Amino acid sequence: MNIIIIEDEFRAAKSLQNLLSDLKPDSRILGVYDSIETSIEGLKGNKPDLIFMDIHLSDGLSFEIFKSVEITCPVVFCTAFDQYMLDAFKTKGVDYVLKPFSREDIAEALRKVDELKKFFQKNELPDLESIIQKINQPTGKSSFLVFKNQKYTTILTEDIAYFYIHNEITHLVTFAREQFPLTQPLGQVAEQVSDKQFFRVNRQYLVNFKAIKEMEHYFQRKILVKLTIETPEKLLINKEKTHSFFTWLEDR
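Residues numbered from 1 in each chain as written. Predicted model: local features only at pLDDT ≥ 70, side-chain atom pairs only at ≥ 80, totals over all residues. Heavy atoms only, no water.

With that settled, the discussion passes to the overall build of the protein. Each helix and strand counted, the protein has eight helices and 17 strands in total. Burial status across the protein gives 38% buried among its 252 residues. Of the contacts formed within the protein by residues at least 6 apart in sequence, a portion of 49% connects residues at least 24 apart. Carbon and sulfur atoms make up 50% of the accessible area of the protein, which amounts to about 15700 Å² in all. (Helix = DSSP H or I, 4+ residues; strand = E, 2+ residues; numbered from the N terminus. Buried < 20%, exposed > 50% of the residue type's maximum accessible area, 1.4 Å probe, protein only. Contact = heavy atoms within 4.5 Å. Areas by Shrake-Rupley, 256 points an atom, 1.4 Å probe, with all protein chains shown as cover.)

Bringing the confidence of the model for the protein into the picture now. Looking at the protein, pLDDT values average 86 and 86% of them are 70 or higher. No element of the protein has a lower mean pLDDT than helix H6 (residues 128-136), at 45, and none a higher one than strand E14 (residues 205-208), at 98. Low pLDDT, under 50, characterises residues 124-129; the predicted model gives this stretch one contact beyond four residues in sequence or across chains. (pLDDT = per-residue confidence, 0-100.)

Before going further, it helps to spend a moment on the sheet that holds strand E13 (residues 198-200). Read across the sheet, five strands follow the order E12-E11-E10-E14-E13 without closing on themselves; strand pairing throughout is antiparallel. Where the open sheet ends on each side, the last strands, each with one partner, are strand E12 (179-181) and E13. Within the sheet, the average angular offset between the axes of one strand and its neighbour, ignoring direction, is 20 degrees. Relative to E14, strand E10 (residues 160-166) runs antiparallel, the two being bridged by three bridges. (Pairing = 2+ DSSP bridges. Axes fitted to C-alpha atoms, helices over the stretch in contact; angles between N-to-C directions.)

It is worth spelling out the pairing of E14 at this point. The side chains of a regular strand alternate between the sheet's two faces. Alternating residues of E14 divide into Tyr205 and Val207 and Leu206 and Asn208, and every residue in both groups is buried. The antiparallel pairing of E13 with E14 creates a hairpin that spans four residues between the two strands.

Together, Asp8, Asp34, Glu37 and Asp59 line one region of the surface with negative charge. Structurally, Asp8 can be placed in the loop between strand E1 (2-6) and helix H1 (10-23). Asp8 gets classed as partly exposed once you look at its relative accessible area, which sits at 30%. (Patch = residues over 30% accessible without salt bridge, like charges linked within 9 Å, V, L, I, M, F, W, Y side chains within 5 Å. Salt bridge = Lys/Arg side-chain N within 4 Å of Asp/Glu carboxyl O. Lys, Arg positive; Asp, Glu negative; His and termini not counted. Charge placed at Lys NZ, Arg CZ, Asp CG, Glu CD.)

Read across the open sheet, the three strands follow the order E15-E16-E17; overall the sheet is antiparallel. This sheet does not close on itself; its edge strands, each paired only once, are strand E15 (212-217) and strand E17 (235-237). Within the sheet, the average angular offset between the axes of one strand and its neighbour, ignoring direction, is 30 degrees. Pairing between E15 and strand E16 (residues 223-227): five bridges, direction antiparallel. Bridge assignment links Ile212 to a residue of E16, and that residue is Leu227. Each of E15, E16 and E17 is contacted by helix H8 (residues 239-250), which is oriented at about 140 degrees to E15, the strand it contacts most.

Another point: the packing of aromatic side chains. Scanning all chains against the criterion turns up 14 aromatic pairs. Among the aromatic residues, those joined into a ring-pair cluster are Phe199, Phe209, Phe245, Phe246 and Trp248. In this structure, Lys141 is placed above the aromatic ring of Phe144, and the distance from its NZ or CZ to the ring centre is 5.2 Å. (Phe/Tyr/Trp six-rings, centres within 6.5 Å; stacked < 30°, edge-to-face > 60°. Lys NZ or Arg CZ within 6 Å of the ring centre and 35° of its normal.)

As structure tokens, then:
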């Protein structure tokens, strides 16, 4: 572990170096700085894993350092004043040690840093691209069990062009133009499939986004929807539903 100490009291800095050497024998002190100015210069050339930082320095409060250089590692603040605790934790502070500090104080601070490191190693951030892909994938029922000609078979939802009602029975029609009756009413089917993938254009039809070929204006401000495969009747969307339909089309 590479450590930087920012402390303007010589005895405190020396005591801290001795304690760190004892408690973390594998650590390396990259530098000891006693002012805002020297700390900024030192941090520009070093990438520490941990910083022990006094708040009151000879040329001001050490919070000024954060305005001039990006600090990405944890910081343990060591100070004789407790009124800056809130400001410390608003920055990169993981602990706040009051002077005069003891061996136990520094050991506890190092323990907190180690726990923080283990937490982020264990809980690695997932790949952003894979998250986006999962979010964009349609949710809902992935297949339907159908029965026809004395046989049961499974139809993948992604292969279904549309559902419709005929003689009060719900049917599904695939992109391969196969048709199967279902036992569920169309309203229940609409609740089972992804509302991002399927839209109920009217009381009789529930259509797959991938099946939509084109749309055109129709009488009485209705929209005529044409699919890539034929439907028994014209698919008409009334004017009250037009806005939600076009919003659905764009929302992907």
